[in-house]
Amino acid sequence: MKLATWNVNSIIARLPRLLDWLDQLSPDVVCLQETKVADDSFPYAELRELGYDAAAHGDGRWNGVAILSRQGVADIAYGVPGAPNFPAPRSPPEARAITGTCGPLRLTSVYVPNGREPADPHYVYKLRWLAALGAAIQADAAGPGPFAVLGDFNVAPTDDDVWDPASFVGSTHVTEPERAALAALRDLGLRDVVPRPLKYDRPFTYWDYRAGMFHQNKGMRIDLVYGNSAFAGSVDDAYVDREARKGKGMSDHAPVVIDLSL
DNA sequence: ATGCCTTATTTCATAAGA
(Lines give C-alpha, C1' and ligand atoms only; values in the text may rest on other atoms or scores of the structure.)
Protein backbone atom coordinates (compact mmCIF):
# COMPACT_ATOMS: atom_id res chain seq x y z
CA MET A 1 0.00 0.00 0.00
CA LYS A 2 1.22 3.45 -0.89
CA LEU A 3 0.27 6.25 1.49
CA ALA A 4 1.15 9.93 1.28
CA THR A 5 0.62 13.19 3.11
CA TRP A 6 0.79 16.60 1.45
CA ASN A 7 0.07 20.17 2.46
CA VAL A 8 -1.16 21.38 -0.93
CA ASN A 9 -1.71 25.07 0.00
CA SER A 10 -5.13 25.22 -1.72
CA ILE A 11 -6.50 22.16 -3.45
CA ILE A 12 -8.21 24.40 -6.02
CA ALA A 13 -5.01 26.25 -6.98
CA ARG A 14 -3.11 22.96 -6.88
CA LEU A 15 -5.66 20.78 -8.67
CA PRO A 16 -3.85 20.38 -12.02
CA ARG A 17 -0.62 19.43 -10.25
CA LEU A 18 -2.38 17.25 -7.73
CA LEU A 19 -4.20 15.30 -10.41
CA ASP A 20 -1.01 14.82 -12.42
CA TRP A 21 0.81 13.68 -9.30
CA LEU A 22 -1.94 11.21 -8.38
CA ASP A 23 -1.95 9.89 -11.91
CA GLN A 24 1.84 9.43 -11.93
CA LEU A 25 2.40 8.05 -8.43
CA SER A 26 -0.91 6.27 -7.99
CA PRO A 27 -0.98 6.28 -4.18
CA ASP A 28 -3.73 4.29 -2.49
CA VAL A 29 -4.41 6.85 0.23
CA VAL A 30 -3.48 10.53 0.51
CA CYS A 31 -3.88 12.84 3.48
CA LEU A 32 -4.14 16.49 2.47
CA GLN A 33 -3.78 19.71 4.45
CA GLU A 34 -4.53 23.36 3.75
CA THR A 35 -7.15 22.51 1.18
CA LYS A 36 -8.53 26.03 1.72
CA VAL A 37 -11.92 25.15 0.33
CA ALA A 38 -15.43 24.77 1.70
CA ASP A 39 -16.84 21.27 1.53
CA ASP A 40 -19.42 22.19 -1.10
CA SER A 41 -16.65 23.37 -3.45
CA PHE A 42 -14.33 20.39 -2.89
CA PRO A 43 -13.29 18.82 -6.23
CA TYR A 44 -14.91 15.45 -5.57
CA ALA A 45 -15.75 14.81 -9.24
CA GLU A 46 -12.22 15.38 -10.57
CA LEU A 47 -10.77 13.05 -7.93
CA ARG A 48 -13.46 10.46 -8.57
CA GLU A 49 -12.35 10.32 -12.20
CA LEU A 50 -8.96 9.08 -10.98
CA GLY A 51 -10.63 6.54 -8.73
CA TYR A 52 -10.44 8.40 -5.43
CA ASP A 53 -13.14 8.74 -2.83
CA ALA A 54 -12.67 11.75 -0.59
CA ALA A 55 -13.57 12.72 2.93
CA ALA A 56 -13.18 16.47 3.34
CA HIS A 57 -13.41 18.90 6.23
CA GLY A 58 -13.04 22.53 5.20
CA ASP A 59 -13.59 26.07 6.43
CA GLY A 60 -13.34 27.95 3.16
CA ARG A 61 -10.54 30.45 3.08
CA TRP A 62 -8.19 28.91 5.64
CA ASN A 63 -7.24 25.48 6.92
CA GLY A 64 -9.04 22.46 5.53
CA VAL A 65 -8.03 18.79 5.57
CA ALA A 66 -9.02 15.71 3.59
CA ILE A 67 -8.38 12.03 3.06
CA LEU A 68 -8.36 10.59 -0.46
CA SER A 69 -8.64 6.84 -0.88
CA ARG A 70 -9.00 4.27 -3.61
CA GLN A 71 -10.60 1.88 -1.14
CA GLY A 72 -13.14 4.20 0.41
CA VAL A 73 -13.09 6.13 3.66
CA ALA A 74 -15.13 4.69 6.54
CA ASP A 75 -15.85 5.73 10.13
CA ILE A 76 -15.08 9.39 9.47
CA ALA A 77 -14.60 11.77 12.39
CA TYR A 78 -14.31 15.51 11.87
CA GLY A 79 -12.04 17.71 13.95
CA VAL A 80 -10.58 17.03 17.39
CA PRO A 81 -13.00 16.65 20.30
CA GLY A 82 -12.16 19.12 23.02
CA ALA A 83 -9.84 21.18 20.80
CA PRO A 84 -9.61 24.87 21.71
CA ASN A 85 -11.09 27.48 19.42
CA PHE A 86 -9.45 30.60 18.06
CA PRO A 87 -9.47 33.56 18.42
CA ALA A 88 -12.23 33.38 21.04
CA PRO A 89 -13.49 30.38 22.98
CA ARG A 90 -16.80 30.85 21.20
CA SER A 91 -15.27 30.98 17.70
CA PRO A 92 -16.31 28.11 15.48
CA PRO A 93 -13.80 25.25 15.56
CA GLU A 94 -11.27 25.36 12.75
CA ALA A 95 -11.10 22.51 10.24
CA ARG A 96 -7.71 21.08 11.17
CA ALA A 97 -8.23 17.35 11.52
CA ILE A 98 -10.10 14.51 9.89
CA THR A 99 -9.96 10.84 10.77
CA GLY A 100 -11.00 7.87 8.68
CA THR A 101 -10.42 4.21 7.97
CA CYS A 102 -9.07 3.17 4.56
CA GLY A 103 -8.92 -0.60 4.23
CA PRO A 104 -6.70 -1.81 7.09
CA LEU A 105 -5.47 1.67 8.00
CA ARG A 106 -6.82 4.14 10.52
CA LEU A 107 -5.54 7.67 9.82
CA THR A 108 -5.82 11.18 11.20
CA SER A 109 -4.84 13.96 8.79
CA VAL A 110 -3.83 17.07 10.71
CA TYR A 111 -3.00 20.70 10.06
CA VAL A 112 -1.61 21.92 13.36
CA PRO A 113 -1.97 25.66 14.10
CA ASN A 114 1.06 27.71 13.12
CA GLY A 115 1.57 29.57 16.40
CA ARG A 116 2.76 32.73 14.63
CA GLU A 117 5.11 33.96 17.41
CA PRO A 118 5.88 32.60 20.88
CA ALA A 119 4.26 35.66 22.48
CA ASP A 120 1.12 35.42 20.32
CA PRO A 121 -2.13 33.91 21.63
CA HIS A 122 -1.98 31.66 18.58
CA TYR A 123 1.06 29.94 20.12
CA VAL A 124 -0.92 29.03 23.24
CA TYR A 125 -3.70 27.84 20.96
CA LYS A 126 -1.21 25.62 19.13
CA LEU A 127 0.02 23.95 22.32
CA ARG A 128 -3.50 23.39 23.63
CA TRP A 129 -4.59 22.05 20.25
CA LEU A 130 -1.74 19.52 20.26
CA ALA A 131 -2.68 18.40 23.78
CA ALA A 132 -6.28 17.87 22.67
CA LEU A 133 -5.05 15.94 19.63
CA GLY A 134 -3.16 13.55 21.89
CA ALA A 135 -6.23 12.86 23.97
CA ALA A 136 -8.33 12.33 20.85
CA ILE A 137 -6.01 9.76 19.23
CA GLN A 138 -4.89 7.95 22.37
CA ALA A 139 -7.15 4.96 21.86
CA ASP A 140 -6.28 4.53 18.17
CA ALA A 141 -2.57 4.90 18.95
CA ALA A 142 -2.76 2.18 21.60
CA GLY A 143 -4.86 -0.14 19.44
CA PRO A 144 -3.58 -3.26 17.72
CA GLY A 145 -4.46 -2.07 14.22
CA PRO A 146 -2.17 0.12 12.12
CA PHE A 147 -2.78 3.79 12.89
CA ALA A 148 -0.96 6.99 12.03
CA VAL A 149 -1.50 10.67 12.66
CA LEU A 150 0.17 12.52 9.83
CA GLY A 151 0.27 15.89 8.19
CA ASP A 152 1.59 19.38 8.75
CA PHE A 153 2.57 19.57 12.43
CA ASN A 154 4.21 22.99 12.14
CA VAL A 155 6.92 21.79 14.53
CA ALA A 156 10.46 20.74 13.64
CA PRO A 157 11.24 17.85 16.02
CA THR A 158 14.96 18.60 16.35
CA ASP A 159 17.49 21.25 15.37
CA ASP A 160 18.58 18.95 12.54
CA ASP A 161 15.12 19.45 11.08
CA VAL A 162 15.72 23.09 10.20
CA TRP A 163 18.28 24.36 7.72
CA ASP A 164 19.87 26.80 10.21
CA PRO A 165 18.94 26.52 13.90
CA ALA A 166 20.58 29.88 14.64
CA SER A 167 18.15 31.66 12.37
CA PHE A 168 15.18 30.17 14.22
CA VAL A 169 16.07 31.33 17.73
CA GLY A 170 13.03 33.10 19.13
CA SER A 171 10.72 31.66 16.47
CA THR A 172 7.93 29.18 16.67
CA HIS A 173 8.31 25.63 15.30
CA VAL A 174 11.49 24.96 17.29
CA THR A 175 10.64 25.88 20.89
CA GLU A 176 10.92 23.43 23.75
CA PRO A 177 7.18 23.39 24.56
CA GLU A 178 6.31 22.59 20.94
CA ARG A 179 8.86 19.79 20.86
CA ALA A 180 7.56 18.54 24.22
CA ALA A 181 4.08 18.39 22.67
CA LEU A 182 5.47 16.10 19.94
CA ALA A 183 7.22 13.99 22.57
CA ALA A 184 3.88 13.60 24.36
CA LEU A 185 2.42 12.18 21.15
CA ARG A 186 5.33 9.75 20.86
CA ASP A 187 4.68 8.74 24.47
CA LEU A 188 1.30 7.45 23.31
CA GLY A 189 3.17 4.74 21.44
CA LEU A 190 3.71 6.60 18.18
CA ARG A 191 6.97 6.53 16.29
CA ASP A 192 8.30 9.29 14.04
CA VAL A 193 8.55 7.62 10.62
CA VAL A 194 11.40 9.70 9.23
CA PRO A 195 11.47 9.76 5.43
CA ARG A 196 14.63 9.67 3.40
CA PRO A 197 15.52 12.68 1.27
CA LEU A 198 15.82 12.11 -2.46
CA LYS A 199 18.56 14.74 -2.57
CA TYR A 200 20.87 16.37 -0.01
CA ASP A 201 21.30 14.99 3.47
CA ARG A 202 18.13 15.92 5.32
CA PRO A 203 14.46 15.15 4.61
CA PHE A 204 13.03 18.67 4.61
CA THR A 205 9.37 18.91 3.61
CA TYR A 206 8.83 22.67 3.52
CA TRP A 207 10.71 25.51 1.88
CA ASP A 208 9.54 29.12 1.92
CA TYR A 209 8.45 30.42 -1.46
CA ARG A 210 10.63 33.49 -1.07
CA ALA A 211 14.29 34.18 -1.85
CA GLY A 212 15.03 30.92 -3.61
CA MET A 213 14.90 28.93 -0.40
CA PHE A 214 14.06 25.68 -2.15
CA HIS A 215 16.91 26.02 -4.58
CA GLN A 216 19.34 26.53 -1.72
CA ASN A 217 17.71 23.70 0.26
CA LYS A 218 16.94 26.04 3.14
CA GLY A 219 14.03 24.02 4.42
CA MET A 220 12.36 22.47 7.42
CA ARG A 221 10.97 19.06 8.30
CA ILE A 222 7.54 19.88 9.71
CA ASP A 223 5.33 17.41 7.83
CA LEU A 224 5.44 14.30 9.98
CA VAL A 225 4.17 10.74 10.04
CA TYR A 226 3.58 9.42 13.56
CA GLY A 227 2.61 5.74 13.43
CA ASN A 228 1.85 3.19 16.10
CA SER A 229 3.83 -0.04 16.26
CA ALA A 230 1.58 -1.92 13.83
CA PHE A 231 1.98 0.94 11.36
CA ALA A 232 5.69 1.60 11.85
CA GLY A 233 6.47 -2.10 11.71
CA SER A 234 4.88 -2.31 8.27
CA VAL A 235 6.86 0.52 6.67
CA ASP A 236 8.98 -0.62 3.73
CA ASP A 237 10.07 2.82 2.60
CA ALA A 238 9.40 6.49 3.24
CA TYR A 239 10.69 9.45 1.28
CA VAL A 240 10.12 13.13 0.55
CA ASP A 241 8.91 13.60 -3.01
CA ARG A 242 10.82 16.81 -3.63
CA GLU A 243 10.09 16.58 -7.36
CA ALA A 244 6.55 17.71 -6.53
CA ARG A 245 7.95 20.92 -4.99
CA LYS A 246 9.54 21.98 -8.28
CA GLY A 247 8.32 24.16 -11.07
CA LYS A 248 5.38 26.47 -11.52
CA GLY A 249 2.18 26.24 -9.56
CA MET A 250 3.70 24.22 -6.73
CA SER A 251 2.87 24.09 -3.03
CA ASP A 252 5.51 25.28 -0.57
CA HIS A 253 5.42 21.77 0.94
CA ALA A 254 6.53 18.48 -0.63
CA PRO A 255 4.61 15.24 -0.12
CA VAL A 256 5.87 12.51 2.17
CA VAL A 257 5.31 9.08 0.61
CA ILE A 258 5.18 5.86 2.66
CA ASP A 259 5.19 2.33 1.27
CA LEU A 260 3.60 -0.20 3.62
CA SER A 261 3.24 -3.98 3.65
CA LEU A 262 -0.06 -4.62 5.37
C1' DA B 1 18.73 23.87 -13.97
C1' DT B 2 14.73 23.58 -9.35
C1' DG B 3 14.97 30.09 -9.84
C1' DC B 4 14.14 34.55 -6.21
C1' DC B 5 6.23 34.20 -2.84
C1' DT B 6 1.52 32.59 -2.91
C1' DT B 7 -3.23 32.16 -1.40
C1' DA B 8 -8.44 33.60 -1.14
C1' DT B 9 -11.03 37.36 -0.33
C1' DT B 10 -13.62 42.07 2.72
C1' DT B 11 -9.69 42.25 -4.80
C1' DC B 12 -5.85 47.12 -7.44
C1' DA B 13 -5.01 45.88 -0.73
C1' DT B 14 -4.92 42.69 3.11
C1' DA B 15 -3.94 38.86 6.34
C1' DA B 16 -1.79 34.71 6.80
C1' DG B 17 1.60 31.40 6.10
C1' DA B 18 6.22 29.33 9.09
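Here the structure is a predicted model, which means the values were calculated and not measured. (Residues numbered from 1 in each chain as written. Chains lettered and ligands numbered in written order. Predicted model: local features only at pLDDT ≥ 70, side-chain atom pairs only at ≥ 80, totals over all residues. Heavy atoms only, no water.)

Engineer: Would you explain the environment of glycine 249 in this entry?
Structural biologist: Mapped onto the secondary structure, glycine 249 falls in the loop between strand 13 (235-240) and strand 14 (256-260). Look at glycine 249 and you get partly exposed, because its relative accessible area is 41%. C-alpha separation for the pair glycine 249 and leucine 15, spaced 234 residues apart in sequence, amounts to 9.6 Å. (Helix = DSSP H or I, 4+ residues; strand = E, 2+ residues; numbered from the N terminus. Buried < 20%, exposed > 50% of the residue type's maximum accessible area, 1.4 Å probe, protein only.)

Engineer: Help me understand the packing of aromatic side chains in this model?
Structural biologist: The description of an aromatic ring pair rests on the distance of the ring centres and on the angle between the ring planes. The full count for this structure, using the stated rule, is 5 aromatic pairs. Considering the side-chain rings of phenylalanine 86 and tyrosine 125, the 5.0 Å spacing of their centres and the 25 degrees angle between planes classify their relative orientation as stacked. Residue phenylalanine 86 is located in the loop between strand 5 (74-78) and strand 6 (97-102), and its partner tyrosine 125 is located in helix 3 (residues 121-142); the two are separated by 39 residues in the primary sequence. Plain terms: the ring middles of tryptophan 207 and phenylalanine 214 are 4.9 Å apart, the flat faces sit at 85 degrees to each other, and that makes the pair edge-to-face. Residue tryptophan 207 shares its accessibility class with phenylalanine 214, and that shared class is buried. (Phe/Tyr/Trp six-rings, centres within 6.5 Å; stacked < 30°, edge-to-face > 60°.)

Engineer: Honestly, the sheet that holds strand 1 (residues 2-7) in this entry has me stumped. Any pointers?
Structural biologist: Strand pairing in a sheet takes place through backbone hydrogen bonds and is either antiparallel or parallel in direction. The mixed open sheet is built from 6 strands, whose spatial order is 3-4-2-1-14-13. One side of each edge strand has no neighbouring strand; the edge strands of this open sheet are strand 3 (53-57) and strand 13. Pairs of neighbouring strands in the sheet enclose a mean axial angle of 10 degrees, with direction left out of account. Across 5 bridges, the pairing between strand 13 and strand 14 is antiparallel. By the bridge assignment, valine 240 is partnered in strand 14 with valine 256. (Pairing = 2+ DSSP bridges. Axes fitted to C-alpha atoms, helices over the stretch in contact; angles between N-to-C directions.)

Engineer: Even after reading the chapter, I still don't get the pattern of salt bridges, so can you show me in this structure?
Structural biologist: Proximity of charged atoms lets side chains of opposite charge pair with each other. If you walk through the whole model with that rule in mind, you get 12 salt bridges. Residue aspartate 161 pairs with arginine 221 through a salt bridge whose shortest N-O separation is 2.9 Å. Of the two residues, aspartate 161 is situated in the loop between strand 8 (147-152) and helix 4 (176-186) and arginine 221 in the loop between strand 11 (219-220) and strand 12 (223-227); the sequence distance between them amounts to 60 residues. Comparing aspartate 161 with arginine 221 shows no difference in burial state: the two are buried. Where glutamate 243 meets lysine 246, a salt bridge forms, and the shortest distance between an N and an O atom there is 3.1 Å. On the basis of relative accessibility, which here comes to 45%, the residue glutamate 243 falls in the partly exposed class. Note on lysine 246: relative accessible area 35%, which makes it partly exposed. Each of the salt bridges in this network shares a partner with another, and the network as a whole consists of Asp161, Asp192 and Arg221. (Salt bridge = Lys/Arg side-chain N within 4 Å of Asp/Glu carboxyl O.)

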